[in-house]
Structures are given as C-alpha cells and as structure tokens.
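# Architecture and fold: a report
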Amino acid sequence: MAIKDVQAYIDRHGLVETDDPEAGKPIWRKPGFGGVRGLLEIEEVLSRFLRERRDAQNLNREQVGMMVGLHHEIYARHERAGAKLRVTRLLHLAELLDFSPIEAIYAAAPQSFGETEQEAETRFKLVMRMLDLPAATAQNLLRLVEELSPDSGAEDGPRRPEAKRRR
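This text gives an overview of the structure that appears in the document. (Residues numbered from 1 in each chain as written. Predicted model: local features only at pLDDT ≥ 70, side-chain atom pairs only at ≥ 80, totals over all residues. Heavy atoms only, no water.)

Taken together, I3, V6 and Y9 make up a surface patch of nonpolar side chains, about 280 Å² in accessible area. Note that Y9 resides in helix α1 (residues 6–12). By relative accessible area, Y9 is classed as partly exposed at 34%. (Patch = residues over 30% accessible without salt bridge, like charges linked within 9 Å, V, L, I, M, F, W, Y side chains within 5 Å. Areas by Shrake-Rupley, 256 points an atom, 1.4 Å probe, with all protein chains shown as cover. Salt bridge = Lys/Arg side-chain N within 4 Å of Asp/Glu carboxyl O. Helix = DSSP H or I, 4+ residues; strand = E, 2+ residues; numbered from the N terminus. Buried < 20%, exposed > 50% of the residue type's maximum accessible area, 1.4 Å probe, protein only.)

So this is what it looks like as structure tokens:
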C-alpha cells in the first residue's frame, strides 16, 4: 500500500523539486554538495569516469567495444554522454575495466555516501577498503560491526546512514 502523505516523504528525505531538461517536467532530487546536479551532468561524470578507467587499463575504444559487443563508435557514445548508460552496461563495464560500481556511483553522486563531503569521502574510502579485505577478515569485521551497532541488525536488511539517524 502506498504512503498517504507523499509530501512528508519528500520532506523527510530532503528532496527538492527540480526542473531538469532530461526529464522534461519537474522531478524531485536530493541535492548534492554543490546543489542539484542535472541528469545530463551525472551522465557526463559517468562518461568521464569510464574514459579514465579505460585509459588506466591501456585499452582503446575498439577493444572495449568488442568486449561489450558493440561497435567502437557506439561504445564511444557512452564515453561522450551521448548514450544513456544502463545499470546493466555499467556492471558489465565494471567487470571489464576492473572497477567497483560503487566507484562510479561515488563519482556521480557522492552525497549518497554522507551528509558532508568529508563524511562521504570517509565512508567511500571505508567501503573500498572493505572490498579489498580477505573474506575471513571481512566476516570478522562484520561480526564486530554488528556487535557495536546491535540496533541495525541483519534481520532488517541493509540501511542507509540517513535512514538510521531519522528513526
């Protein structure tokens, strides 16, 4: 059943009404640290991120295009923000270009990681460090974190930091 007061939801989540040319009508967004980033700007950030990752792997567009099953000119549209990047394509590129999708999300929407730039950067670095841990160490760390914060137990599933603070 849907909530009855959508305005209360909007207010609780800090969403602001935005006119975005990509949407063609008003939409609600969570502002980033420099205000609301347009959807096209987010695409451009992701495009730049992909190009940098490809360059870091010493691959050209033809090689990446071949590995994703696209003509290199079609793939190049992703690196120029000329084509919308679907999540499935982002996940595939993460496999090929050896990055975590979390890195792409942080590049495009760091406000998803914290309320301030410093908080977001700290959480991002922590997540990236955890991804590099050996499995046994990660399991031990998870147990420790669960003991330190029993109110965010696994029975409720993962929670975003903002959701936990507002309860």
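Next comes the rest of the account.
Looking now at the pairing of strand β2 (residues 26–29). Here β2 shows a clear split, with I27 and R29 buried on one side and none of P26 and W28 buried on the other. Taken together, strand β1 (residues 16–19) and the strand that follows it, β2, pair antiparallel across an intervening segment of six residues, in which G24 is found at a positive phi of about 80°. (Pairing = 2+ DSSP bridges.)

Another aspect to go through is the nonpolar core. Formed by 16 residues in total, the largest nonpolar core has its most connected members in Y75, L93 and F99. Among the secondary structure elements, those contributing two or more residues to this core are α2 (39–56), α3 (61–68), α5 (87–97) and α6 (101–108). Counting residues per element, this core draws most heavily on α2, which supplies five residues. The contact partners of Y75, leaving out residues within four places of it in the chain, are L50, R54, R61, V64, G65, V68, L70, L93 and L97. Counting residues in hydrophobic clusters, the runner-up holds five residues, among them Y106, F113, F124 and M128. (Core = buried A, V, L, I, M, F, W, Y, C linked by side-chain atoms within 4.5 Å. Contact = heavy atoms within 4.5 Å.)

Next up on the list: the packing of aromatic side chains. This structure, assessed with the given rule, holds four aromatic pairs. Between Y106 and F113, the ring centres sit 5.3 Å apart and the planes meet at 80°, which makes this aromatic pair edge-to-face. Here the aromatic rings of Y106 and F124 are separated by 4.0 Å at their centres, their planes lie at 5°, and the arrangement is stacked. Here Y106 is found in helix α6, whereas its partner F124 is found in helix α7 (residues 117–131), with 18 residues between them in sequence. Judged by relative accessible area, which is 15%, F124 ranks as buried. An aromatic cluster is present here, built from Y106, F113 and F124 joined pairwise through their rings. (Phe/Tyr/Trp six-rings, centres within 6.5 Å; stacked < 30°, edge-to-face > 60°.)

These figures come from the coordinates and say nothing about function on their own.
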